[in-house]
Amino acid sequence: MATNHGLDLGPGRDLDALPLRERKKIQTGIRIFRAAIGLFAERGFDQVSVAEIAAAAEVSKMTVFNYFPTKEDLVMGPMEQHLDEPARVVRDRAPGASAVTALRDHFLAALERLDPATGLNDDRVVLDVVRLVHGTPALATRATAGFGREAQALLTAELLAQDPAHDELTARVAGAQLLAVRVTLTTENQLRVLAGERAAEALPAALDRAHRAFALVERGLGDYCVGAA
């Protein structure tokens, strides 16, 4: 999720700089999203109808579906804009940079911005979304499928495309490890903020955890968990 609570404008785009028609379209999407999250947070995901969301956002039910094809999309759609992000980071990395370095630096920079995609953000709407995903089985299942499988498949495909040896096994293992680091760090940050930590105060520890986690992947697990002699 980005500054408009998940409705990304795209790299380098400013809402105020957009043409009026496009700006109004985005503003309508944001209004629908915020109305839905407010109702879900108050009453629970399963207890709110799309008609009620439309009424709260002052749009038609059809307009809601034009922006968000399913009720789950009202919560998950903005988050899922980030599914291809790891693959894009690898594809657009600087010459000579490894995939691990590119993904680590990208995650650290996002942490510094308190980007909601890192889990380290205590904006009320963001926290409402996180609580909904953690507390609603259908949303939690979809999050696992998206960030555990789809994002990994996209990253693996990009790693394979970038590998001169075209080693499928290495690409799969690397993709799984790199996505696991991001998901683990993001989940840890979310749980800490949900427990009451302020995002800005939690930032130093979150940066330290990110450095340590990516270092594990960079070095390999080596002698981790060697059994007693």
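A brief look at the structure comes next.

So, how was this worked out
Residues numbered from 1 in each chain as written. Predicted model: local features only at pLDDT ≥ 70, side-chain atom pairs only at ≥ 80, totals over all residues. Heavy atoms only, no water. Buried < 20%, exposed > 50% of the residue type's maximum accessible area, 1.4 Å probe, protein only. Helix = DSSP H or I, 4+ residues; strand = E, 2+ residues; numbered from the N terminus. Arc of directions from axis to C-beta. Axes fitted to C-alpha atoms, helices over the stretch in contact; angles between N-to-C directions. Parallel < 35°, antiparallel > 145°, perpendicular 65-115°, else oblique. Contact = heavy atoms within 4.5 Å. Nonpolar A, V, L, I, M, F, W, Y, C, P; charged D, E, K, R; others polar. Salt bridge = Lys/Arg side-chain N within 4 Å of Asp/Glu carboxyl O. Core = buried A, V, L, I, M, F, W, Y, C linked by side-chain atoms within 4.5 Å.

1. Notes on helix α2 (residues 50–57)
Part 1 of the argument: Along α2, the residues classified as buried are Val 50, Ile 53, Ala 54 and Ala 57. Buried residues along α2 cover an arc of 100° about the axis, so they all sit on one side.
Part 2 of the argument: Backbone geometry just after α2 places Glu 58 at a positive phi near 60°.

2. Notes on the packing of helix α7 (residues 124–135) against helix α8 (residues 137–162)
Part 1 of the argument: Close contact between α7 and α8 brings their axes to 5 Å; oriented N to C, the two are set at 95°. If you check the angle between α7 and α8, you find them roughly perpendicular. For the pair formed by α7 and α8, the contact residues are Leu 132, Val 133 and Gly 135 on the first element and Pro 137, Leu 139, Ala 140 and Ala 143 on the second.
Part 2 of the argument: Looking at the contact of α7 with α8, its residues break down into six nonpolar, one polar and no charged.

3. Some remarks on unusual backbone geometry
Part 1 of the argument: One non-glycine residue, Glu 58, lies in the positive phi region at around 60°.
Part 2 of the argument: Mapped onto the fold, Glu 58 is located in the loop between α2 and α3 (61–67).
Part 3 of the argument: Given a relative accessible area of 69%, Glu 58 falls into the exposed group.
Part 4 of the argument: Unusually for a residue other than glycine, His 166 sits at a positive phi of about 50°.
Part 5 of the argument: Note that His 166 resides in the loop between α8 and α9 (168–194).
Part 6 of the argument: The class of His 166 is partly exposed, set by a relative accessible area of 47%.

4. Things to note about the environment of Leu 178
Part 1 of the argument: Among the secondary structure elements, Leu 178 is positioned in helix α9.
Part 2 of the argument: Judged by relative accessible area, which is 3%, Leu 178 ranks as buried.
Part 3 of the argument: For the pair formed by Leu 178 and Arg 104, sequence separation is 74 residues and the distance between their alpha carbons is 9.2 Å.
Part 4 of the argument: With near-sequence residues (within four places) excluded, Leu 178 lies in contact with Val 100, Leu 103, Leu 155, Leu 159, Phe 214 and Val 217.

5. With respect to the pattern of salt bridges
Part 1 of the argument: Evaluation of the coordinates by the stated rule reveals 17 salt bridges.
Part 2 of the argument: With a shortest N-O distance of 3.3 Å, Arg 91 and Glu 158 are connected by a salt bridge. One end of the pair, Arg 91, is in helix α5 (residues 85–91); the other, Glu 158, is in helix α8, and 67 residues separate them in sequence.
Part 3 of the argument: By relative accessible area, Glu 158 is classed as buried at 12%.
Part 4 of the argument: Overlapping salt bridges bring together Glu 72, Asp 73, Glu 80 and Arg 142 as one network.

6. As for the nonpolar core
Part 1 of the argument: Ranked by size, the top nonpolar core spans 31 residues in total, and within it Leu 111, Leu 120, Leu 178 and Phe 214 carry the most contacts.
Part 2 of the argument: Within the residue set of this core, elements represented by two or more residues are α5, α6 (99–112), α8, α9 and α10 (199–219).
Part 3 of the argument: With nine residues, α10 is the single largest residue contributor to this core.
Part 4 of the argument: If near-sequence neighbours (up to four positions away) are discounted, Phe 214 is found in contact with Val 100, Leu 103, Arg 104, Phe 107, Leu 178, Val 181, Arg 182 and Leu 185.
Part 5 of the argument: Formed by 26 residues, the second largest nonpolar core is a distinct cluster that contains Ile 32, Ala 35, Val 48 and Val 59.

7. Describing the environment of His 134
Part 1 of the argument: On the secondary structure map, His 134 appears in helix α7.
Part 2 of the argument: Sequence-wise, His 134 and Gln 190 are 56 residues apart; in three dimensions their C-alpha atoms are separated by 9.7 Å.

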